[in-house]
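Read off the chains here:
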Amino acid sequence: VLYKDSTQPPAARVKDLLSRMTLAEKIGQMTQIDRSKATADVMKTYCIGSVLSGGGSAPLPEATAQDWMNMVNDIQKGALSSRLGIPMIYGIDAVHGHNNVYNATIFPHNVGLGATRDPDLAKRIGAATALEVRATGIPYAFAPCIAVCRDPRWGRCYESYSEDHKIVQAMTDIIYGLQGEGSQKGIPFVAGKDKVAACAKHFVGDGGTTKGINENNTVIDTNGLLSIHMPAYLDSINKGISTVMVSYSSWNGVKMHANRELITGYLKNSLKFKGFVISDWEGIDKITTPPDANYTYSVLAGIQAGIDMVMVPYEYTDFIADLTSLVNNNYIPMERIDDAVSRILLVKFTMGLFENPFGDPSVVNELGTQAHRDLAREAVRKSLVLLKNGNPGEAPLLPLPKTVPKVLVAGSYADNLGYQCGGWTIKWQGFTDNNSTTGTTILSAIKSAVDPSTEVIYEENPEVGFITANNFSYAVVVVGEPPYAESAGDSENLTLADPGPAVIANVCGAVKCVVIIISGRPLVIEPYIATIDALVAAWLPGTEGQGVADVMFGDYDFTGKLARTWFRTVDQLPMNVGDRNYNPLFPFGYGLTTRSSVLTRSISAAGERRPHTLVITISLFISSYLKLMWLT
């Protein structure tokens, strides 16, 4: 049978298999269902093309990589038992590492990675993520999010690398890490069993909605859409992206899930995208207001717009019945169905899913490896942005000395792994404790970093009297905003969570303090800035909190630069670099370094000689100049 012959080119295999398929089998391929519905019988009877885990949907609490692989393999057995034996493709949100899985490495969210401005780092994170996803038997990740967040009030802003499309475009190198390199002219490409199919999302304009309201309306002219929100899709296609996910949002009042002009006309025909287009979760249901008001119409509008695979994910029998009826009654032509199925099959053939439908037991130990945690720690170091370091005329506070009598650590964000990781971690909306997965909190990292003789006292919300009585050498205050995902994160005020402001006032009023902000976006900080000695934006760093201590204590330098404008007040929003009335607290591209203070210590603690000051200064000047050239 030709389609089963791996020596044949994918296009020939697609053509052969398509010619053998019934309408029911074709529509089954276009259906993606939640794993809770994916019994062996359902997979076989309906020839289901894809299964997913929604946010937080795991086979069992604290499931191991092997537990995950067993579940995926069992579902696959059902798919392979169908008449033609077409393997299903299992997808999952792995948006900052394999974030649904207990013990996985959790990398910084994209907002932090954007501040690194390091596409090679993104590529290495993509490769590590792919390995961890494959360790659980899963071959498809719904990443990267290439949104250009233009308003931090949006609850998904932390999933965006930058307000500047050029940084987002550069960071699409993560696709090379996830899928591998070697795509020819934008044909979908997955290099092998240690790589996954990736997904550029959410097409298009998701980061440009009015007031940052999630799933809302992006009001912008064609030129603005194409110059701000579209460019990273062209990069993604050129790098071989396998799939593109459609956005819940609208463009000038037209739902993206029903936008034939952009999905078929532009993405498929103009940009020559050859992979498959997938809906978001219940994305076609939301074409109508209220959702599901007319599901048959939603199916018609979504499929005719050019969506190839629908993330149903529960009421799959309704979807299949409606789509079958629409085709049989000539509302949707068979060519449209064949286009959708051909694209789905092309991705499955090019990624080797027919040859290797099951998880590979040899990679099951790649979950949360030390090498991956070290990489995440490096990413944390590079993502930190130093916003203030000492008041004018005073010596800088950072880097902090490791050997002092007594240190105060304060703030509820200092010792909370869930806060540190943010949304899309273990659960869809994240968690707020220290035992939902494994990692290192900032408090633990500080305790490990200081000299054994230094006493570290943690007090979540200390009284002024306690602070003054203890004669601390300095204080580290960690504040921020709680975890959230999607619409739950939409915010009109962007304030620090209580008692953050009170902790800053009490501690920084009484002792030299460095304030670390754990957040998915810039927050209102101007009212407190005068009392703060040093200020660090740590974004949502993930499980490897040691990266924060590495830089605070001077083992590494601060190198991060703002990839988002830090506003003064929310009534300035939206405000992005290049705007006419641009008056930020900290501008796009801002970020102090601690290099100058390092230069005074010409011999490091380990006794190795540091390069000559002049050499460093010249190399710094050259690298800054190159970075400037790159950004312009």
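Residues numbered from 1 in each chain as written. Predicted model: local features only at pLDDT ≥ 70, side-chain atom pairs only at ≥ 80, totals over all residues. Heavy atoms only, no water.

## Regarding the sheet that holds strand β14 (residues 455–459)
If you trace the 6 strands from one edge of the open sheet to the other, you get β12-β17-β16-β15-β13-β14, paired in mixed fashion. Both outer strands of the open sheet, β12 (385–389) and β14, are each paired with one neighbouring strand and no more. For this sheet the average axis-to-axis angle between neighbouring strands, irrespective of direction, equals 20°. In this structure, strand β15 (residues 474–480) lies alongside strand β16 (residues 513–518), joined through 6 bridges in parallel fashion. Among the inter-strand pairings, Val 477 is bridged to a residue of β16, identified as Val 515. On top of the sheet, helix α17 (residues 442–449) reaches β13 (406–410), β14, β15 and β16; it is set at about 165° to β14, its chief contact. Contacting β13, β15 and β16, helix α19 (residues 500–508) crosses the sheet at an angle of about 170° to β15. (Pairing = 2+ DSSP bridges. Helix = DSSP H or I, 4+ residues; strand = E, 2+ residues; numbered from the N terminus. Axes fitted to C-alpha atoms, helices over the stretch in contact; angles between N-to-C directions. Contact = heavy atoms within 4.5 Å.)

## Overview of the UniProt feature "domain: Glycoside hydrolase family 3 C-terminal" (unreviewed entry) in the chain
Here, the residues flagged by UniProt with the feature "domain: Glycoside hydrolase family 3 C-terminal" (unreviewed entry) are residues 384–593. Secondary structure content for residues 384–593 is 17% helix and 16% strand, while the C-alpha to C-alpha distance between its ends is 10 Å. (UniProt positions renumbered as here; feature names shortened; annotations may be inferred.)

## Quick notes on the packing of aromatic side chains
Scanning the entire structure with this criterion turns up 12 aromatic pairs. Ring centres of Tyr 413 and Tyr 419 lie 4.1 Å apart, and the angle between their planes is 20°; on these two criteria the pair is classed as stacked. The exposure classification of Tyr 413 matches that of Tyr 419, with both residues buried. Taken together, the aromatic side chains of Tyr 3, Phe 349 and Phe 354 make up a single cluster linked through ring pairs. The aromatic ring of Tyr 248 is capped on one face by Lys 286, whose charged end is 4.1 Å from the ring centroid. It is Arg 381 that lies over the ring of Tyr 556; its NZ or CZ is 3.8 Å from the centre. (Phe/Tyr/Trp six-rings, centres within 6.5 Å; stacked < 30°, edge-to-face > 60°. Buried < 20%, exposed > 50% of the residue type's maximum accessible area, 1.4 Å probe, protein only. Lys NZ or Arg CZ within 6 Å of the ring centre and 35° of its normal.)

## With respect to helix α15 (residues 370–383)
Helix length check: α15, at 14 residues, gives a terminal C-alpha distance of 20 Å against a target of 20 Å (1.5 Å per residue), a fit within 8%. When α15 is considered as a whole, its buried residues turn out to be His 372, Arg 373, Leu 375, Ala 376, Glu 378, Ala 379, Val 380, Arg 381 and Ser 383. In this structure, the buried side of α15 is in contact with α5 (110–116), α6 (119–135), β12, β17 (534–539) and α20 (546–552). (Expected span 1.5 Å × (residues − 1).)

## Details of the packing of α6 against α15
At a minimum axis distance of 10 Å, the contact between α6 and α15 shows a crossing angle of 145°. With respect to the hand of their crossing, α6 and α15 are arranged in left-handed fashion. Side by side, α6 and α15 meet where Leu 121, Arg 124, Ile 125, Ala 128, Leu 131 and Glu 132 of the first sit next to His 372, Leu 375, Glu 378, Ala 379 and Lys 382 of the second. Residues that form the contact of α6 with α15 fall into these classes: 6 nonpolar, 1 polar and 4 charged. (Left-handed = near helix turned anticlockwise from the far one by under 90°. Nonpolar A, V, L, I, M, F, W, Y, C, P; charged D, E, K, R; others polar.)

## Remarks on the state of the cysteines
Applying the stated criterion across every chain yields a total of 2 disulfides. Linked covalently through their sulfurs, Cys 508 and Cys 513 form a disulfide whose S-S length is 2.0 Å. Disulfide Cys 508-Cys 513: the torsion about the S-S bond is 105°, which places it as right-handed. Here Cys 508 and Cys 513 have matching classes, each one buried. If you count the bonded cysteines of the chain from the N-terminus, they pair up as 1-2, 3-4. Looking at Cys 421, it has no disulfide partner, and the nearest cysteine sulfur is the one in Cys 145, 18 Å off. (Disulfide = S-S within 2.5 Å.)

## Points about the confidence of the model for the chain
Overall, the predicted model of the chain reaches an average pLDDT of 94, with 94% of residues at or above 70. For the stretch residues 596–632, pLDDT sits under 50, and the model shows 23 contacts to residues farther than four places along the chain or on other chains. (pLDDT = per-residue confidence, 0-100.)

## Quick notes on the domain arrangement of the chain
How big an interface is tends to be expressed through the accessible area that disappears when the partners come together. Each assigned domain of the chain is listed here: domain 1 (20–29 + 94–351) and domain 2 (384–572). On a C-alpha basis, the centres of domain 1 and domain 2 stand 34 Å from each other. Each partner contributes to the interface: domain 1 provides 39 residues, whereas domain 2 provides 36 residues. For the pair domain 1 and domain 2, the summed buried area comes to about 2700 Å², and 49% of that belongs to carbon and sulfur atoms. The tally of links between domain 1 and domain 2 comes to 2 salt bridges. (Domains from an automatic or database assignment. Buried area = accessible area lost by both parts, 1.4 Å probe. Salt bridge = Lys/Arg side-chain N within 4 Å of Asp/Glu carboxyl O.)

## A word on the pattern of salt bridges
In this structure the tally under the stated criterion is 32 salt bridges. Connected via shared salt-bridge partners are Asp 118, Asp 120, Arg 124, Glu 378 and Lys 382.

## Considerations on the nonpolar core
The biggest cluster of nonpolar side chains holds 120 residues, and the ones touching the most others in it are Phe 203, Phe 319 and Leu 323. Sorting elements by how many residues they give to this core places helix α14 (residues 334–350) first, with 8 residues. With near-sequence residues (within four places) excluded, Phe 203 lies in contact with Met 230, Tyr 233, Val 244, Met 245, Val 246, Ser 247, Met 256, Leu 262, Ile 263 and Leu 267. Membership of the second largest hydrophobic core comes to 78 residues, among which are Ala 115, Val 385, Leu 540 and Val 548. (Core = buried A, V, L, I, M, F, W, Y, C linked by side-chain atoms within 4.5 Å.)

## Focus on the environment of Gly 545
Among the secondary structure elements, Gly 545 is positioned in the loop between β17 and α20. Taking the C-alpha atoms as reference, Gly 545 lies 7.9 Å from Ser 444; in sequence the two are 101 residues apart. Beyond its immediate chain neighbours, meaning those up to four positions away, Gly 545 contacts Gln 420, Thr 440 and Ala 445.

## A word on the sheet that holds strand β10 (residues 276–278)
Across the sheet, which stays open at both edges, the 3 strands sit in the order β5-β7-β10 with parallel pairing between neighbours. A single partner strand is all that each edge strand has here, and the edge strands are β5 (199–203) and β10. Averaged over all neighbouring strand pairs, the angle between strand axes comes to 25°, with direction disregarded. Pairing analysis gives 3 bridges linking strand β7 (residues 243–246) to β10, with the strands arranged parallel.

## Notes on the UniProt feature "domain: Glycoside hydrolase family 3 N-terminal" (unreviewed entry) in the chain
Mapped onto this numbering, the UniProt entry annotates "domain: Glycoside hydrolase family 3 N-terminal" (unreviewed entry) at residues 22–345. Summarising residues 22–345: 40% helix, 10% strand, and an end-to-end C-alpha distance of 15 Å.

## Notes on the environment of Ile 263
With respect to the helices and strands, Ile 263 occurs in helix α11 (residues 260–270). Classification of Ile 263 as buried rests on a relative accessible area of 0%. Taking C-alpha positions, Ile 263 is 10.0 Å from Gly 302, a pair spaced 39 residues apart along the chain. Residues contacting Ile 263, with those up to four places away along its chain left out, are Phe 203, Val 246, Met 256, Lys 268, Val 277, Ala 305, Gly 306 and Ile 307.

## Digging into the side chain of Thr 425
Mapped onto the secondary structure, Thr 425 falls in the loop between α16 (417–421) and α17. For Thr 425, the side chain forms a polar contact with the main-chain oxygen of Gly 422, separated by 2.9 Å. Those residues in contact with Thr 425 that lie beyond four places of it in its chain are His 96, Asn 99, Ile 106, Gly 430 and Phe 431. (Polar contact = N/O pair within 3.5 Å; in protein donor to acceptor, adjacent residues only side chain to side chain.)

## Focus on the pairing of β5
Across the 5 residues of β5, 5 count as buried, placing the element largely inside the fold. Two strands pair when backbone bridges link them, and β5 and β7 are joined in this way by 4 bridges, in the parallel orientation. Note on β7: the bridge partner recorded for Ala 200 is Val 244.

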